[in-house]
Amino acid sequence: MSSAPLSAGDYIAAKCTKCGQETNHTIVAMVEDLPVKVQCNTCNGAHKYRKPAAAKKTAAAKKPATRRTKADPQAVERQQWQELEPSFNASAAIAYSMDTTYKLNALINHPTFGLGQVQKLAGTRKVLVLFADGAKVLRCG
Ligand SMILES: [Zn+2]
């Protein structure tokens, strides 16, 4: 658009709902650079400004931002587990139970997550356990 910025009081061609055709309108109200309300010079009816068909927006091909490559926090944990795993004495692993108290670095055998090592005592009756699939917080005694 090379024309000067529009302002209220200017004339603009717009489709009039009452006249049923494109007529000259006077801009009544503007929001930023766009007329929002216009008055038809033919029928004097005021209405919202509609863009002429020619100015129809070509649907912008917006790419959905779903394919974000985000860092997998568990990847680090899995790698950590793989480094620790050779040092694990699986036969010393304690079967996991919510009622058992675990010490730091204790080996746990969890029915779902498998072999894991207590990394941290995570507050009251919770431990952070590193499993092959990543760290998980488990209830404990
Ligand atoms: Zn009109």
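Refer to the preceding data block for the structure.
**Student:** Would you mind going over the overall build of the chain with me for this structure?
**Tutor:** For the chain, the helix and strand inventory stands at 1 helix and 9 strands. In the chain, the order of α-helices and β-strands from amino to carboxyl end is β-β-β-β-α-β-β-β-β-β. For the chain, the residues scored as buried account for 15% of the 141 residues in total. Looking at the chain alone, contacts between residues at least 24 apart form 28% of all its contacts between residues at least 6 apart.

**Student:** I tried to follow the sheet that holds strand β6 (residues 107-110) on my own but got confused; where do I start?
**Tutor:** Backbone-to-backbone hydrogen bonds join strands into a sheet, with any given pair of strands oriented parallel or antiparallel. Judged by pairing direction, the sheet is mixed, and its 5 strands sit side by side in the order β5-β6-β7-β8-β9 without closing on themselves. Looking along the sheet, the strands with just one partner apiece sit at the ends: β5 (94-95) and β9 (134-139). Bridge count between strand β7 (residues 114-121) and strand β8 (residues 126-131): 5 bridges; the pairing is antiparallel. When the bridges of β8 are listed, Gly116 appears paired with Phe131.

**Student:** Honestly, the sheet that holds strand β4 (residues 46-48) in this entry has me stumped. Any pointers?
**Tutor:** Across the sheet, 4 strands lie side by side as β1-β2-β3-β4; this open sheet has antiparallel pairing. The open sheet terminates on both sides in strands that have one partner only, identified here as β1 (11-16) and β4. Shown here is a sheet whose adjacent strand axes are inclined to one another by a mean of 50°, direction ignored. Pairing analysis gives 3 bridges linking strand β3 (residues 34-40) to β4, with the strands arranged antiparallel. Paired with Val38 across the strands is His47, a residue of β4.

**Student:** Sorry if this is basic, but what is going on with the nonpolar core here?
**Tutor:** In globular proteins that are soluble, nonpolar side chains generally tend to be buried together. Listed in full, the 12 residues of the largest apolar core are Trp81, Tyr96, Tyr102, Ile108, Val118, Val127, Val129, Leu130, Phe131, Ala135, Leu138 and Cys140. Within the residue set of this core, elements represented by two or more residues are β8 and β9. Top contributing element to this core by residue count: β8, with 4 residues. In this structure Val129 touches Ile108, Gly116, Gln117, Val118, Gln119, Ala135, Lys136 and Leu138, once residues within four positions along its chain are discounted. Counting 5 residues, the second largest nonpolar core, distinct from the first, contains Ala14, Cys16, Val38 and Tyr49.

**Student:** Honestly, the pairing of β3 in this entry has me stumped. Any pointers?
**Tutor:** A regular strand places its side chains on the two faces of the sheet in alternate fashion. Looking at chain direction, strand β2 (residues 21-31) and β3 are connected through 6 bridges and run antiparallel. Bridging across to β3, Met30 finds its partner in Pro35. Between β2 and the antiparallel strand that follows it, β3, lie 2 residues; Glu32 among them carries a positive phi value of about 50°. Where β3 folds back onto β4 in an antiparallel hairpin, the turn is made up of 5 residues, including Asn44, whose phi is positive at roughly 65°.

**Student:** Could you clarify how one ought to interpret the environment of Ser91 in this entry?
**Tutor:** With respect to the element layout, Ser91 can be found in the loop between α1 (73-84) and β5. When the C-alpha atoms of Ser91 and Asn109 are compared, they prove to be 9.5 Å apart, with 18 residues separating the residues in sequence.

Cut-offs applied
- Residues numbered from 1 in each chain as written.
- Predicted model: local features only at pLDDT ≥ 70, side-chain atom pairs only at ≥ 80, totals over all residues.
- Helix = DSSP H or I, 4+ residues; strand = E, 2+ residues; numbered from the N terminus.
- Buried ≥ 20, exposed ≤ 12 C-beta atoms within 10 Å, placed from the backbone.
- Contact = placed C-beta atoms within 7 Å.
- Pairing = 2+ DSSP bridges.
- Axes fitted to C-alpha atoms, helices over the stretch in contact; angles between N-to-C directions.
- Core = buried A, V, L, I, M, F, W, Y, C linked by C-beta atoms within 7 Å.

These figures come from the coordinates and say nothing about function on their own.
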